[in-house]
Amino acid sequence: GRIGIEGKMADLEQEVRISPSLIKLVTGQFDLGSVLTLPLCGLGIKKIECLDGLSTLTDLDLSSNAITRVNNLEALGSCLLRLDLRFNNIARLEGLHSLQSLEVVKLQGNNITDIETVTGLAGMPRLRAVHLQDIDGKNQNPVCQRERYRETVVKKIPKLGNLDGEFFIFDSIRHRGITDGESDEIVIRETSRWLPKVVQSDDVFINPKSFLSAATSTAKSLLEECQAALTQADAAIEHQQELRRKIEEKNASAVH
C-alpha cells in the first residue's frame, strides 16, 4: 500500500528535495519507470530536479511548494500530460516548452505578470487547457488583471480549448450575403464567435454529450444559412446571365 509521507516529513529539518528515494516513498513504487502519477504537493520543495527515469509519468503535482523556476522537465517531454504548479512563486514559464505532450497546466496562485509569458505557450503543440485563475476569479495571477487578458490569450493561442476553467471553441466560418440590385459584388461579413455555456472542469473535454448537442445545433443553423446563401447566389447568377443575354441580343440587333 501507499506509505504515508506526512509524518515522515514532519521530522525533517533540512530542505525537502526531489530525489529517487522521495519519489519511491511517496508513490510506493520502486520502479520509477512504472510511476504514472506523482503527488509532491505541500512539501516546501524549492527546486524541480531529479525527474529522470519517470518515462511513463503522466500527472505531476507540485502545488503548494516554494518553486520559483520552471525547469529541469526535459525528461518528461514525451510523456507528461498534466502539470499542477498552483500556489508557488513562479513568474516565468520558459521551462514548460520542453513538455511537448503537455495538455493541461494549472498555475493559479503564482506571480505571473507578463502577458507574453502566457502567450509564449502558443508553441506547445498539445496544450489545450491553461489555468491562471479559478473560474470564479479567485487565486489570480497578476496578469489576469490585464486589460483584455482573456481575448489576448485566446487570440495568441488559437488551439486552446480551456482557459481558467472556461471551455470554448471558435469556428472559422464566415457568413456570406449577396447585395441587392444588379451589382455582382459579394459582401462577406464577420460573425460573432460561438461560445457555448461556461462550464467548470479541470480537464479539456467537458460534458461531451451537451457539447456535441450544442455543436450539432450550431452546425445545423450554419448549414441552413449556407443553403439560403446558395439560393441567393443561384438567383444572382441567373440574374447576371439574363442581363448578359439581353446585352448580347441588343448588340446583335445593333450590328444588323
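With respect to the overall build of the protein chain
Stage number 1. Within the protein chain one finds 5 helices and 9 strands.
Stage number 2. Put simply, the protein chain runs from its N terminus to its C terminus through helices and strands in the order α-α-β-β-β-β-α-β-α-β-β-β-β-α.
Stage number 3. For the protein chain, the share of sequence-separated contacts (at least 6 apart) that also reach a separation of at least 24 residues comes to 44%.
Stage number 4. A total accessible area of about 15400 Å² is found for the protein chain, and carbon and sulfur atoms account for 50% of it.

Regarding unusual backbone geometry
Stage number 1. One non-glycine residue, Ser-64, lies in the positive phi region at around 55 degrees.
Stage number 2. If you trace the backbone, Ser-64 turns up in the loop between strand S2 (59-61) and strand S3 (82-84).
Stage number 3. Non-glycine residue Arg-148 carries a positive phi angle of around 60 degrees.

Structural notes on the pattern of salt bridges
Stage number 1. Under the counting rule described, the total for this entry stands at 9 salt bridges.
Stage number 2. As a salt-bridge pair, Glu-49 and Arg-17 come within 2.8 Å of each other at their nearest N and O atoms. One end of the pair, Glu-49, is in the loop between strand S1 (37-39) and S2; the other, Arg-17, is in the loop between helix H1 (6-10) and helix H2 (20-27), and 32 residues separate them in sequence.
Stage number 3. Residue classification places Arg-17 among the partly exposed positions, given a relative accessible area of 45%.
Stage number 4. What you see here is one network of salt bridges that share partners, running through Arg-92, Glu-94 and Asp-114.

Here's the deal with the confidence of the model for the protein chain
Stage number 1. Taken over all residues, the pLDDT of the protein chain has a mean of 80, while the share at 70 or more is 75%.
Stage number 2. Of the regions scoring below 50 in pLDDT, residues 9-13 engages in 4 contacts with residues more than four places distant in sequence or in other chains.
Stage number 3. Contacts for the low-pLDDT stretch residues 171-207, under 50 throughout, to residues beyond four places or in other chains number 65 contacts.

A short note on the side chain of Ser-63
Stage number 1. On the secondary structure map, Ser-63 appears in the loop between S2 and S3.
Stage number 2. Ser-63 has contacts with Leu-40, Cys-41, Gly-42, Asp-84, Leu-85, Arg-86 and Asn-88, leaving out every residue within four places of it along the chain.

Digging into the sheet that holds strand S4 (residues 104-106)
Stage number 1. Read across the sheet, 7 strands follow the order S1-S2-S3-S4-S5-S6-S7 without closing on themselves; strand pairing throughout is mixed. Where the open sheet ends on each side, the last strands, each with one partner, are S1 and strand S7 (166-167).

What counts, and where the lines are drawn
- Residues numbered from 1 in each chain as written.
- Predicted model: local features only at pLDDT ≥ 70, side-chain atom pairs only at ≥ 80, totals over all residues.
- Heavy atoms only, no water.
- Helix = DSSP H or I, 4+ residues; strand = E, 2+ residues; numbered from the N terminus.
- Contact = heavy atoms within 4.5 Å.
- Areas by Shrake-Rupley, 256 points an atom, 1.4 Å probe, with all protein chains shown as cover.
- Salt bridge = Lys/Arg side-chain N within 4 Å of Asp/Glu carboxyl O.
- Buried < 20%, exposed > 50% of the residue type's maximum accessible area, 1.4 Å probe, protein only.
- pLDDT = per-residue confidence, 0-100.
- Pairing = 2+ DSSP bridges.

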